[in-house]
Every structure is written in structure tokens, then in C-alpha cells.
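# Residue-level structure breakdown
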There are 2 protein chains.
Amino acid sequence: MPAVSYQLKHQCQQSGARYGLVTTPRGSFETPVFMPVGTRATVKTMTPEELKQIGAEIILGNTYHLWMRPGPAVISELGGLHKFMHWDRPILTDSGGFQIFSLAKPKDIEEEGVHFRSHIDGSRHFLTPEKAVAIQEALGSDIMMQLDECTPWPADEAYVRHSLERTTRWLDRAVKAWHTHDRQALFGIVQGGTYEHLRKQSAREITSYDLPGYGIGGLSVGEPAELMYAMIEAVTPLLPTDRPRYLMGVGSPDYLVEGSCRGIDMFDCVFPTRLGRNGTALTWSGRVVIRNSVHLRSDLPLDADCDCYVCRHYSRAYLHHLIRTGEILGLRLLSWHNLAFLMDLMRHIRQAIREDRLLSFRDDFFKSYQA
Amino acid sequence: MPAVSYQLKHQCQQSGARYGLVTTPRGSFETPVFMPVGTRATVKTMTPEELKQIGAEIILGNTYHLWMRPGPAVISELGGLHKFMHWDRPILTDSGGFQIFSLAKPKDIEEEGVHFRSHIDGSRHFLTPEKAVAIQEALGSDIMMQLDECTPWPADEAYVRHSLERTTRWLDRAVKAWHTHDRQALFGIVQGGTYEHLRKQSAREITSYDLPGYGIGGLSVGEPAELMYAMIEAVTPLLPTDRPRYLMGVGSPDYLVEGSCRGIDMFDCVFPTRLGRNGTALTWSGRVVIRNSVHLRSDLPLDADCDCYVCRHYSRAYLHHLIRTGEILGLRLLSWHNLAFLMDLMRHIRQAIREDRLLSFRDDFFKSYQA
């Protein structure tokens, strides 16, 4: 019996989008789902109770950051990541690869693994597929991701092929290093850049491993949105229908809608919290830059159609004041609203799938939402 | 019928400390009370719901900061400070004087008022006793403070006398400018530096105005604690027993205990939240510098005798991790615990007064608490 399973509950007759249920040892969650990112054992500014209040069912943790501080040994000794951060629902951890490629330069990628220097103190480290699994086993997440290379965009075809094939070999090693089948799932990751045939090659190679779920990585890294959508469309027909598909690092409202339409089940992104800390709110009409002076005297809520804690109790004028004066409560309230908004958006998406009207929902959504 | 009244419920037979009840248009609160400081319309890092959860009954707002941003006209237009910040319990506002003297240098004090430059943009402003009342009336706080001069320490006797006498004249003007007797109280402020006879002179002058309460200002500004206690003891016998006494800007645990023993009813200080944001916790054993490496692997709570949200759910190791990585949740949780600790301390103090054993409580407290 695998630790994590997926049940396809309903497929939208209009779009083909999937409404489903992922079951883990720490509870189940409905999909499509957006997973708030808890980089360093905290979803920035939020308590676990607040995350539950807005309906978060699963969050993400970053292996790279937790490896650097406080270290997997400390977290393991204290009872694992869930207990450490006071979150008893499912956690997905990434492999650490993405942060190494984006944060911890300079790096050196070889067949064995990735050499890098910590972005904190410059100390040297080496991450291998086996070590990525070992760290995630020590953290005790519910879903682990294999070490992969997130190929940059643009990249030439030869490099992308070489890279995706290495990602497959890394998956082979990750699977062999994985010892916690009874309580942790391991997902493989489809790469292949923006080359349709390479995406398909990768999908075939990765799905030759019978895993509880599959990620689609290396998208939303600078390429045009149409190219991202084309890659998703190239890959999903090759993925088994009884496993969840996770589009990694993607989480803007328009991408959540478009990704769901294309059969994606899981999403994550730091975007809503980062945007919030920068003083911008997500609403059904698009982005509201609350820092702007136009909000100085506005007694409107961030979004008249949102009934989150923030929209029920605070005016734009107050939030403007907090952001302008650099108050931490402002960072909290905008992060809170943005996450609540995405949770609400996902509820709407799931409902539209169940009612076979996701394409109609998408049309309505883009009539009012300005990306 | 004055807007704010005080009822002395019980006087400790051991210490003479006062257990009482202050009633305002927005509810009543038991004294001695600690008032968390909501400088810029927010008690830093905390929501109003969290403040209520830890038992805060009244908070403080800073007239200077709110005057500068977003301005009393904006707050008034939006329905007043309570509505603006989503806090429906009592608020006490200071006069703005203290921040001008401490933040907004250079300044020029004359009989008419205080010239100063904004610490934000250097713009020129002029605060008078009348204007301090007008701003506080616009903010709509429940208790207003007169404009006074917080004399620095040390200061020579001639200057302190001149200053306290001007503070009395400013009270006279503040009383004449006060138009909201039905819904807002005005407190006068006793000054006089560390000169016992000047403190008494000030107390006599200030209490010649029949006001709903009295502040004791200009203490805990660098003078030895013994001198502060001596000044409190010089003043309190001259204050009417049926009005609350507010020791301004004082809020460390040892001062709260000592001040209560000497008949003080109200306290405020940014100390617990500022200390928390700097990574230090207040406990029944004294300060715990959670930033220190000794806590890296500690699964203990901040305080084993505290049952606040933070102590119930988080280890020192986790808090250490959050503070070391600069996570906002760390600032939140330490501020939360520190405020909860002070609220708990005040509950213990009130209970000890009611049971005529505050001096015994003080002795026990200082046996374990290291300041």
C-alpha cells in the first residue's frame, strides 16, 4: 500500500480538467490544490492556525533552506518537520535542487551530483540524488521530490537533452535510496525545457518508474506563457491518469486557472506571499498596489468579493498606512489575503470542474482579472 | 457624568497597592493594568484578536506618529482610530510630546508650544496644548493625555521647575481646549524630574484640576530605579484616591511589580514588543536570549510556567531558528509571548492585591526573576 494515493473523482467534460483527492498518512486534500510555500519551516508571516483558517490542506518546505539552517539532524532530533513547525497536515518537500541552481552560485553540476556554496556563509556542499532523499527522509515530509536539474530558459537542445537524461538517471538513484515507502511518497520530475519532443522523452522515461506522483519542472522560468501551456499539453497525455501531476513553482492566478484547465493537480509558488510583502494584493479584478497614494483615504476592502479575515475587517486606507510605515502587520495582512484569495480561487476551480464548466469559469475569470 | 471613572475595589493591606476598575465608554478594565503600545495604529506584529486572546483590555496609540502618518483628518474621516485599526476596546493616546522630545530633533520649546521637524521628511510642525487635544479628539481615543514636557535626566533644578510650571500652564490650556467630556477623558501629567519637592509642587498644581485621571511622566528616563521609586512615593499621597494613576512609559516586569506595590494603576511600554523583535523573551526566570546558540536543539518552551499560544506549541529550537533566519513569524511569536507574559504578570499582581499579599508576591517574584 503506497503512502500517498490519488483518486480521480471527476473529469470536467468541458475542459478535461481533473477534480481529485490525494490521500497521505497525514490526511487528504482535494485537487487541483495550491500549496503555500513554507520555505524555512514557516509560510512567511503566517501561523499554522491561520493557514488552516484560509483552507490550506498541504504546504511545501524547502530542503535546501532547511538543510542549511537548522539542518536535518536538528529537525529530526526534534521529531521531524511537522512537529518542529507545528503543522500536522501534509507537507511536500522539494529536493533542494532549484534553490541551488537559483541561489547558491557558483555551482558545478556533474553526473554524481551538484557542488555548491551556501548562499549564507559560502561553505562548500555537495548534493546528490541519494542525499536529497536522505535529507527529506530526515525531515519526514509526506511527499518528497527527486533531485533534478531545473534547466534554464533559453537553453540549447543538446544541453536540455543531456540534462533531462541525467535527471532520469538521478531518479533511478533516488528510487534506490528511498527507504520510507510506508510513510513517504517520492515524485519524479519531468524536464525537457521548451522542446516538445524532449518533454515527451522525459515523460516517458520518468513514468517508466511507477511512482505515486509526477512533477513537471523547469517551467515558468522566463519562457512565454504559451510555450509553458504547450509543454503541459505535450506532457500530460503521457502521465498516468491515476497519479497526481504537480506543476512546480507555478502559482499566479492566471497560471492556476490555465494549468487546471490542462489537467494539473498541484501547484506551489512563493508569489502570493512575496507579492503581499511588497505591498500588492491579488483580487478578482487583478493586482491592487496598496502602496499607491490613491488608497490613502479608501474605506473599501481589498476585494469586495472576498470574505477573508482581512477583507472583513480592514480598509485599503489602513493597509496602505501599514505598508507605507513598514509595519509587520501590513506584511501579515497582505500575505494572508493573497493566500486566502488563491485558496478561494482553487475552490472555485474545483467547483467549476465538478460542474463541467471550467472553460466558462476561465472566460468569466479573465473578463475581470487583469494579470 | 465623566466619560471615564475609577473605582477602587480593594487596597492591599500588605502593600497599599490598589485593585480597581476603570470604566470608559468602550468598556472597563481592571487595574493595575499594562497597556500594549500601538504606536502607529498597530501593536507591532499583533492583530486585535491576538491582543484580546492574551487579555489586553486597553491599548495605547501615539499621537505624534498618527499625526505624521496618515494624519488625524484621514483617521477621523474613516471613523476614528478604533474603526481604522479594528480595535473596539479602550484606547489611550499620548499627547505627542514625548516623541517630539525623543525623535523629532531639533526642536524649540517655547511658552506657546513646541517647534519640531518630522523625523520622516524633515517638514516643520508646531504642537501646542490645544493642538494635542484637537488631534486626540479627531483620533477619538477614550483617554487623552495633556501636552507636557518630559524633562530629561539629569536636569538642573531651575530648569525642571520652569518646565513643570509650564506643563501646568499647558494643562490649563488643554482643559480649555477639551470639548468631548461626554466621550473622552483628559489626564494631566505630573512632572518635576527627580526633585521630590518639585514632584510635590507639580502634583499639587496638576491635581488642582479636577480630572478623570493623572499621569506621572518623566520617569524611567535614565535615572536609577531607586530614584524613580522615591518620586512615585513622593507623588502618590497627593493624588486623589478615586482617580487612576498612570506611570507613563514604564513596563519592564520588575518595574510593573514595584510600581504596583507603590499604588500605580496603569503602565505602558514598548519594551516587551521591542525586546521580542530583538530575539529576547521575558520569562518568570528573567530574560531568555533566544538568538543564542544554546537554544539550537532545545525542545523546551520559552517558559514552562506560561500557557500562552507560543509556549503551548513551539520549542525554543524553532523560535531560535526563526529569529536566526530573520523570519517574521519569529518576531510575531516573541512579541506575542512577551505581551502574554506581562498580561499574566498583571493578573498575578491583581490577584495578590486582592488577597493582601503583594509584598510576599514581590519577594517570590524576585527570587526567580533576574532583571
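Residues numbered from 1 in each chain as written. Chains lettered and ligands numbered in written order. Predicted model: local features only at pLDDT ≥ 70, side-chain atom pairs only at ≥ 80, totals over all residues. Heavy atoms only, no water.

## Looking at the overall build of chain A
What chain A contains, in helices and strands, is 15 helices and 16 strands. Relative to the globule expectation of 21 Å for 371 residues, the C-alpha radius of gyration of chain A, 20 Å, shows essentially globular dimensions. Viewed in the frame of its principal axes, chain A has a C-alpha envelope of about 60 × 50 × 40 Å. For chain A, the proportion of its 371 residues judged to be buried stands at 63%. In chain A, of all internal contacts separated by at least 6 residues, the share reaching a separation of at least 24 is 67%. When the accessible area of chain A is evaluated, it comes to approximately 13200 Å², of which 49% is carbon and sulfur surface. Mean positive and mean negative side-chain charge positions of chain A (41 and 43 charges, respectively) differ by 4 Å. (Helix = DSSP H or I, 4+ residues; strand = E, 2+ residues; numbered from the N terminus. Rg over C-alpha atoms; globule rule 2.2 N^0.38 Å. Buried < 20%, exposed > 50% of the residue type's maximum accessible area, 1.4 Å probe, protein only. Contact = heavy atoms within 4.5 Å. Areas by Shrake-Rupley, 256 points an atom, 1.4 Å probe, with all protein chains shown as cover. Lys, Arg positive; Asp, Glu negative; His and termini not counted. Charge placed at Lys NZ, Arg CZ, Asp CG, Glu CD.)

## Brief notes about the sheet that holds strand β14 (residues 266-269) of chain A
Taken in spatial order, the 8 strands of this closed barrel run β4-β5-β6-β10-β11-β12-β13-β14 (chain A), and their pairing is parallel. Ignoring strand direction, the axes of neighbouring strands in this sheet form an average angle of 30°. (Pairing = 2+ DSSP bridges. Axes fitted to C-alpha atoms, helices over the stretch in contact; angles between N-to-C directions.)

## Quick look at the interface of chain B and chain A
With 38 residues of chain B at the contact, the number on the chain A side is 38 residues. Summing both sides of the interface, chain B and chain A together bury roughly 3400 Å²; the carbon and sulfur share of this comes to 59%. The three residues of chain B that bury the most area against chain A are Arg297, Glu327 and Ile328 of chain B, which together make up 16% of that side's buried surface. Along the contact surface separating chain B from chain A lie 8 salt bridges. Run the count over chain B and chain A and you get 18 residue pairs in polar contact (both at pLDDT 80 or more). Here the side of chain B that touches chain A takes 5 residues from helix α13 (residues 316-324) of chain B, the largest share from any one element. (Buried area = accessible area lost by both parts, 1.4 Å probe. Salt bridge = Lys/Arg side-chain N within 4 Å of Asp/Glu carboxyl O. Polar contact = N/O pair within 3.5 Å; in protein donor to acceptor, adjacent residues only side chain to side chain.)

## Here's the deal with the sheet that holds strand β8 (residues 107-109) of chain B
All names here are of chain B. Spatially, the 3 strands line up as an open sheet ordered β8-β9-β10, and their pairing is antiparallel. The sheet is open, and its two edges are formed by β8 and β10 (124-127), each paired on a single side. Sheet twist, expressed as the mean angle between neighbouring strand axes with direction ignored, is 15°. As judged from the 3 bridges shared by β8 and strand β9 (residues 114-117), these two strands associate in the antiparallel manner. If you follow Asp108 over to β9, its bridge partner there is His115.

## Some details on unusual backbone geometry
Here the amide bond leading from Thr31 of chain A into Pro32 of chain A is cis, since omega sits at 0°, within 30 degrees of zero. When you line up the elements, Pro32 of chain A lands in the loop between β3 (27-31) and β4 (33-38). Here the amide bond leading from Arg69 of chain B into Pro70 of chain B is cis, since omega sits at 0°, within 30 degrees of zero. Notably, Asp356 of chain A is not glycine yet its phi reads approximately 55°, a positive angle. Position of Asp356 of chain A among the secondary structure elements: in the loop between α14 (328-354) and α15 (358-368). Classification of Asp356 of chain A as partly exposed rests on a relative accessible area of 24%.

## Describing empty space enclosed by the protein
Residues and elements named next belong to chain B. Counted under the stated rule, the structure contains 4 cavities of 30 Å³ or more. Roughly 50 Å³ of internal volume is contained in the largest cavity. Lining the largest cavity are 13 residues, with Thr151, Pro152, Trp153, Gly193 and Thr194 positioned closest to its centre. Of the residues contributing to the lining of the largest cavity, the split by class is 8 nonpolar, 4 polar and 1 charged. (1 Å grid on protein atoms, 1.4 Å probe; cavity = no way out; pocket = protein on both sides within 12 Å on 5 of 7 lines; lining within 4 Å. Points joined across faces, edges and corners; volume = space filled by probe spheres on them. Nonpolar A, V, L, I, M, F, W, Y, C, P; charged D, E, K, R; others polar.)

## Concerning the layout of surface pockets
There is about 1100 Å³ of room inside the largest pocket. Forming the walls of the largest pocket are 47 residues, and the residues nearest its centre are Phe98, Gln99, Ser102, Gly249 and Val270 of chain B. Listing elements by their share of the lining of the largest pocket, those giving two or more residues are α5 (97-102), β8, α10 (253-261) and α11 (271-277) of chain B. The class makeup of the residues in the lining of the largest pocket is 18 nonpolar, 18 polar and 11 charged. Elements with a contribution of two residues or more to the lining of the second largest pocket: α5 (97-102), β14 and α11 (271-277) of chain A.

## Concerning α13 of chain B
Summarising burial for α13 of chain B: 8 of the 9 residues are buried, a large majority. Here α13 of chain B has its buried residues at Arg316, Ala317, Tyr318, Leu319, His320, His321, Leu322 and Ile323 of chain B. Residues of α13 of chain B that are buried in the fold lie against α2 (63-68) and α4 (81-85) of chain A together with α11, β17 (286-289), α12 (309-313) and α14 (328-354) of chain B. Of the residues one or two after α13 of chain B, Gly326 of chain B is the one with positive phi, at around 70°.

## Re the relation of the copies chain B and chain A
Note on the chain copies: they are related by a rotation about an axis and a translation along it. Once turned by 180° and shifted 0.0 Å along the axis, chain B lies on chain A with an RMSD of 0.0 Å. In short, the pair behaves as if placed about a two-fold rotation axis. Taking C-alpha positions as reference, the residue of chain B nearest the rotation axis is Ile328 of chain B, located at 3.8 Å. Of the interface residues in chain B, 100% have counterparts in chain A that sit at the interface too, so the contact is made through matching surfaces. (Least-squares fit on C-alpha atoms with pLDDT ≥ 70 in both.)

## Remarks on the packing of aromatic side chains
Scanning the model with the defined rule gives 24 aromatic pairs over all chains in all. Seen from their ring centres, Tyr314 of chain A and Tyr318 of chain A are 5.4 Å apart, and the 15° between their planes marks the pair as stacked. When its relative accessible area of 0% is taken as the criterion, Tyr318 of chain A is described as buried. Note on Tyr318 of chain A and Phe84 of chain B: the rings are 4.9 Å apart at their centroids and 85° apart in plane angle, and the pair reads as edge-to-face. A residue pair is termed interchain when its members come from two chains, as with Tyr318 of chain A in helix α13 (residues 316-324) and Phe84 of chain B in helix α4 (residues 81-85). Take Phe84 of chain B: its relative accessible area is 2%, and that puts it in the buried class. (Phe/Tyr/Trp six-rings, centres within 6.5 Å; stacked < 30°, edge-to-face > 60°.)

## Description of the pattern of salt bridges
Residues and elements named next belong to chain A. One pass over the structure, following the stated rule, counts 54 salt bridges over all chains. Here Lys52 makes a salt bridge to Asp88, at a shortest N to O gap of 2.7 Å. Of this pair, Lys52 sits in helix α1 (residues 48-53) while Asp88 sits in the loop between α4 and β6 (91-93), placing them 36 residues apart in sequence.

## Digging into the packing of α13 of chain B against α14 of chain B
Residue and element names in this part refer to chain B. Across the interface, α13 lies against α14 with an axial gap of 7 Å and an inter-helix angle of 125°. Relative to α14, the element α13 lies oblique. In the packing of α13 onto α14, the handedness of the crossing is left-handed. On α14, the residues touching Tyr318, Leu319, Leu322 and Ile323 of α13 are Leu329, Gly330, Leu331, Leu333 and Leu334. Its residues assigned to classes, the contact of α13 with α14 comprises 8 nonpolar, 1 polar and no charged. (Parallel < 35°, antiparallel > 145°, perpendicular 65-115°, else oblique. Left-handed = near helix turned anticlockwise from the far one by under 90°.)

## Looking at the side chain of Arg332 of chain A
You can see Arg332 of chain A is positioned in helix α14. Of the polar contacts made by the side chain of Arg332 of chain A, one reaches the side chain of Glu50 of chain A; its length is 2.7 Å. If near-sequence neighbours (up to four positions away) are discounted, Arg332 of chain A is found in contact with Thr45 and Glu50 of chain A together with Thr45, Met46, Thr47, Glu50 and Arg332 of chain B.

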